[in-house]
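Residues per chain are reported as follows:
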Amino acid sequence: QVQLQQSGPGLVKPSQTLSLTCAISGDSVSRNSAAWNWIRQSPSRGLEWLGRTYYRSKWFNEYTVSLKSRITISPDTSKNQFSLQLNSVTPEDTAVYFCARGRADYYGMDVWGQGTTVTVSS
Amino acid sequence: DIQMTQSPSTLSASVGDRVTITCRASQSISSWLAWYQQKPGKAPKFLIYKASSLESGVPSRFSGSGYGTEFTLTISSLQPDDFGTYYCQQYNSFSWTFGQGTKVEIK
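Here is what the cut-offs are and how they apply
Residues numbered from 1 in each chain as written. Chains lettered and ligands numbered in written order. Predicted model: local features only at pLDDT ≥ 70, side-chain atom pairs only at ≥ 80, totals over all residues. Heavy atoms only, no water. Disulfide = S-S within 2.5 Å. Helix = DSSP H or I, 4+ residues; strand = E, 2+ residues; numbered from the N terminus. Buried < 20%, exposed > 50% of the residue type's maximum accessible area, 1.4 Å probe, protein only.

Our next topic: the state of the cysteines. All names here are of chain A. This model, assessed by the stated rule, comprises 2 disulfides over all chains. Put simply, C22 and C99 are joined by a disulfide, and their sulfur atoms are 2.1 Å apart. Linking C22 and C99, the disulfide has an S-S dihedral of approximately 65° and is accordingly described as right-handed. With C22 in strand 3 (residues 18-25) and C99 in strand 9 (residues 95-102), this pair connects stretches of sequence that are 77 residues apart. Here C22 falls in the buried class, since its relative accessible area comes to 0%.

This is how it looks when you write it as structure tokens:
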């Protein structure tokens, strides 16, 4: 059974970097047909897909256009996990953040982490 | 980005009712649409992929249909556990987007 376990701070100061990690059990971050996503949810924005990382003989990343200059999603094969970094955060980045697996190409996101509430405040 | 619009925003129905939720895309997304159910304080649960394919373990009272820009999620006989908010999500373009959600309440 695939499980995703999120970790990271729940409070980040404005202008700093938000960092979250998603540990994978029951699957591999390097599996050739899977993709590893970050999504956030807030009352003002609803559900917002942030980006993903995936391996297809080499590593690829895709990011939502609105965050492209501030976001990095990266795999850690040694720990079988992937992470989210969001730079220069503002209170607008306050949200519940989820990681999720795309089981295969053109499939949707079938396994989700438990969610992490991140508040941006001084 | 492709915009996804769901209707209605809220619906209230009785146990046993047939319920239909509509999702419209701002441009064609072929069949690349998923549906999710979310309950308060929980992560979304994956229900349907490729517009009409039921995820393993999801009750058969859930079904999806549509192609191009118009899609529906149908619950054939609403059950008490079906309360929650339902979201569509397109994965046609590389920048994926969700609908704003439809909240289903049990009368």
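Of the consecutive residues B:S7 and B:P8, the connecting peptide bond is found in the cis state with omega at -5°. Along the chain, B:P8 falls in the loop between strand 1 (4-7) and strand 2 (10-13). One non-glycine residue, A:S57, adopts positive backbone phi at about 70°. Position of A:S57 among the secondary structure elements: in the loop between strand 5 (46-55) and strand 6 (59-63). According to the relative accessible area criterion, A:S57 is exposed, its value standing at 62%. One non-glycine residue with positive phi stands out, namely B:K50, at about 45°. If you trace the backbone, B:K50 turns up in the loop between strand 5 (45-49) and strand 6 (53-54).

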